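Each chain, written out:
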Amino acid sequence: MKQRHLSFMTQQLGRNRKSILSWSIIWTLLGLLFAAVFKTMSATAEQSARIYEALPPAVLKAVNISTDYLTKPENFLSGQFLTIYLLAGSIFAVILGVNAIGGKVHDKTILNYVTKRLSRMSIFLLQAAVILVTLMVMNLVVGITLLISFNLFSGSEPSLSYMVSTFIGAATVFITFAAIGLIAGVKMEKSHALAFGSAIAIISFFVNGLGALAGVPAWLQKCSLYYYFDTTHLRDFYSLDARIFVLIGLSLLLIIAGAFIFRRKNLYL
Amino acid sequence: MSSLLTANNLTKDFGDKKGVFGVNISLQPGEIVGFVGPNGAGKSTAISMLCGNIYPDKGDIRIFDNAVTADTIYKIMPRIGVLLSEPAIELQITPKQAFMESEALLGKNTSWKELSQNLKLDIHKPIGKLSLGNKKKVGIILALMHAPELVFVDEPTSGIDPIIVSKFSSLLRDVAARGGAILLSSHDLSEIQEVCHRVIMIKEGEVLLDKPINSLIKEAKRKFTINNPDKKLHDQLIKNYGIDLAETSIGLTLQTQDYEKVIDLLVKHECYDFLVENPSLEEMFAEYYI
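Worth saying up front: this structure is predicted, and the values here are computed from it rather than measured.

A. Main features of the overall build of chain A. Helix and strand counts for chain A stand at 12 helices and 0 strands. Expected size for 269 residues packed as a compact globule is a radius of gyration near 18 Å; at 20 Å, chain A falls within 12% of this value. By its C-alpha atoms, chain A is 65 × 45 × 30 Å across when sized along the principal axes. Counting the 269 residues in chain A, one finds 52% classified as buried. Of the contacts formed within chain A by residues at least 6 apart in sequence, a portion of 77% connects residues at least 24 apart. Summing over all exposed atoms, chain A offers an accessible surface of approximately 12000 Å²; the carbon and sulfur share of this is 69%. The centroid of the 22 positive side-chain charges in chain A is displaced by 23 Å from the centroid of its 10 negative side-chain charges.

This is the structure:
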């Protein structure tokens, strides 16, 4: 990597500083809240388990809750926390992806980069790398915060292998949505790209929940991107399912396609 | 001397007769070329193709003797400066940050400090909080700080005060004096007349005229205002230049290319109360803007 490429990445990471900071603060607070809630609720775990046992298993599966979800922090995190975190993070990743190229085309600041000694291909790929680093940092901060807050509040922290797998899985999901944002930002108007990317995240989220219900065709769930990060497998085995490679492959494909589209794009400024 | 830039048969068809059609442009070292035309004539499209923002449908571009496309132009970008009508800079950063970042991306030392002092720019205030004129100064510095040999300028001086306009003109002349070339697109024809050596007029996507400003002025009609001509002179002028003459309350006005003959006639009739004016580019190009 040349010095100017490194400079570009540093500059762009600097631009994402505020996003990283606000994301980290919000999820640190939520992490603390979840740890405190876990401590309180786990004290009444038996009563809660009886309530959940009364519900149809398909409904519990659809909302990603096991009957023993208050017995271990891993079960608790795989339920509500991860569900909210994945959806919020996906939409955030779409915004990051769209702004990286589409936003710069929209406000014309892309000119400041295409008139420097940077090829269009490298601008796109470096922006993808910047997003990757940004999402990794954000996930890492949230992961560390969760470990600390569970330790502080509940006295039982999630296992490291669970946290690492969650970190990699969530980051992969986010990178996939960021790649969707990147390619949508190159092909569409900024506002359309944001709406398109967010719609994919929200529809995917509901399709994944619906697909788990009895009577709904299995293929429907496979249409959801969240299906490929199996949180049930994560909860039970503290490791990632091989399906995650579908998301890794899709991200790579979208990023490479986006780079080629951006290379040929006319920039009407 | 070889051209710094040659564009042949540049074409970009947006349909509905909009776009740029078969445009040829060449820039020689030391030359400042004005690029003029009414709104929607295709100036910005042509400049966007030359600096690699738009792929032409047809035509080829050679810069510094290299065939370039939008995909390969980045290799010679450190030798090119681009200044757009609207400064395309992130508003949350300061000019200093913008200059330092650009320097890093260009990979060469630049003169942004000297230029900032010269143009009296506050480099510590976020760009979003600067006035339009100061934002334009940031754009000017970004375009010229790396001593480019070829500069594309699109509507540079709208919104900036006359002193800065004059400094900007002087900076462009410096580029030309170093052997560089500038393509200056502007609606301000007095600025073009003052700074440029040659002018290219484009209308409806086609080049209508490409001439040195000196020869344009030489070929243009001069305007005579003749006060109190005697009867003989009056009749003689009407006989020779009837259709180009206009009566005023105290004499005649006349527009003609035969200015030497008119002066001879005036001197012959001992009429010295007259004024001769060179036409401005505004007057010469007025018909193209209709």
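B. Looking closely at empty space enclosed by the protein. For the structure on display, the rule yields 2 cavities of 30 Å³ or more. What the largest cavity holds in volume is close to 180 Å³. Lining the largest cavity are 18 residues, and of these A:Leu111, A:Asn112, A:Thr115, B:Val82 and B:Leu142 sit closest to its centre. Elements with a contribution of two residues or more to the lining of the largest cavity: α6 (111-114) of chain A together with β6 (80-83) and α4 (132-144) of chain B. The element contributing the most residues to the lining of the largest cavity is β6(B), with 4 residues. For the lining of the largest cavity, a count of residues per class yields 11 nonpolar, 5 polar and 2 charged. Space inside the second largest cavity adds up to approximately 70 Å³. Lining the second largest cavity we find A:Val114, A:Leu118, A:Ser119, A:Arg120, B:Cys51, B:Gly52, B:Asn53, B:Ala70, B:Asp71, B:Ile73 and B:Tyr74. Among the residues making up the lining of the second largest cavity, the classes are represented as 6 nonpolar, 3 polar and 2 charged.

C. Up close: the interface of chain A and chain B. Across the contact, 25 residues belong to chain A and 27 residues belong to chain B. Here chain A meets chain B over a buried area of about 2500 Å², counting both sides, of which 54% is carbon and sulfur. A per-residue breakdown of the area chain A buries against chain B is headed by A:Arg15, A:Lys116 and A:Arg117, which together make up 23% of the total. Across the chain A-chain B interface, the total number found is 4 salt bridges. Among the salt bridges present, the one from B:Glu90 reaches A:Arg15, with a minimum N-O distance of 3.0 Å. Our count for the contact surface shared by chain A and chain B stands at 10 residue pairs in polar contact (both at pLDDT 80 or more). Those elements that provide at least two residues to the side of chain A that touches chain B are α1 (3-15) and α6 of chain A. Of the residues that constitute the side of chain A that touches chain B, the class distribution is 8 nonpolar, 7 polar and 10 charged.

D. Structural view of a nonpolar patch on the surface. Taken together, the side chains of A:Leu140, A:Ile144, A:Ile148, A:Leu152 and A:Phe153 make up a nonpolar region of the molecular surface, amounting to roughly 490 Å² of accessible area. Tracing the backbone through its elements, the reader meets A:Leu140 in helix α7 (residues 120-153).

E. Region of the structure containing the side chain of A:Thr134. Residues and elements named next belong to chain A. Turning to its location among the elements, Thr-134 is positioned in helix α7. Residue class for Thr-134 comes out buried when judged on its relative accessible area of 0%. Ignoring anything within four residues of it in the chain, the contact list for Thr-134 reads Leu-13, Asn-16, Ile-20 and Leu-96.

F. Molecular detail of the nonpolar core. Residue and element names in this part refer to chain B. Core analysis: the biggest nonpolar cluster contains 106 residues, and Ile-63, Ile-80 and Phe-152 have the highest contact counts within it. When residues no more than four places from it in sequence are discounted, the contact partners of Phe-152 are Leu-5, Ile-47, Leu-50, Cys-51, Ile-80, Gly-81, Val-82, Leu-83 and Leu-183. Listed in part, the 47 residues of the second largest apolar core include Leu-119, Ala-143, Val-151 and Leu-172.

G. Layout of a negative patch on the surface. Side chains of B:Asp188, B:Glu277, B:Glu282 and B:Glu283 sit close together on the surface and give a patch of like negative charge. Take B:Glu283: it is sitting in helix α10 (residues 281-285).

H. Here's a closer look at the domain arrangement of chain B. All names here are of chain B. Taken as a whole, chain B is organised into domain 1 (5-217) and domain 2 (221-289). Put simply, the middle of domain 1 and the middle of domain 2, counted by C-alpha atoms, are 40 Å apart. Taken together, the contacts link 16 residues of domain 1 with 11 residues of domain 2. When domain 1 packs against domain 2, close to 1200 Å² is buried across both sides, 70% of that on carbon and sulfur atoms. It is Leu-189, Met-201 and Ile-217 in domain 1 that bury the most area against domain 2; as a group they hold 44% of the surface buried on that side. Seen at the junction of domain 1 and domain 2, the total is 0 salt bridges. Along the contact surface separating domain 1 from domain 2 lie 0 residue pairs in polar contact (both at pLDDT 80 or more). Every element with two or more residues in the side of domain 1 that touches domain 2 is listed here: α6 (189-195), β9 (198-203), β10 (206-212) and α7 (213-219). Examining the composition of the side of domain 1 that touches domain 2, we find that 4 residues originate from one element, α6, more than from any other. For the side of domain 1 that touches domain 2, the per-class residue count stands at 11 nonpolar, 4 polar and 1 charged.

Cut-offs and rules
Residues numbered from 1 in each chain as written. Chains lettered and ligands numbered in written order. Predicted model: local features only at pLDDT ≥ 70, side-chain atom pairs only at ≥ 80, totals over all residues. Heavy atoms only, no water. Helix = DSSP H or I, 4+ residues; strand = E, 2+ residues; numbered from the N terminus. Rg over C-alpha atoms; globule rule 2.2 N^0.38 Å. Buried < 20%, exposed > 50% of the residue type's maximum accessible area, 1.4 Å probe, protein only. Contact = heavy atoms within 4.5 Å. Areas by Shrake-Rupley, 256 points an atom, 1.4 Å probe, with all protein chains shown as cover. Lys, Arg positive; Asp, Glu negative; His and termini not counted. Charge placed at Lys NZ, Arg CZ, Asp CG, Glu CD. 1 Å grid on protein atoms, 1.4 Å probe; cavity = no way out; pocket = protein on both sides within 12 Å on 5 of 7 lines; lining within 4 Å. Points joined across faces, edges and corners; volume = space filled by probe spheres on them. Nonpolar A, V, L, I, M, F, W, Y, C, P; charged D, E, K, R; others polar. Buried area = accessible area lost by both parts, 1.4 Å probe. Salt bridge = Lys/Arg side-chain N within 4 Å of Asp/Glu carboxyl O. Polar contact = N/O pair within 3.5 Å; in protein donor to acceptor, adjacent residues only side chain to side chain. Patch = residues over 30% accessible without salt bridge, like charges linked within 9 Å, V, L, I, M, F, W, Y side chains within 5 Å. Core = buried A, V, L, I, M, F, W, Y, C linked by side-chain atoms within 4.5 Å. Domains from an automatic or database assignment.

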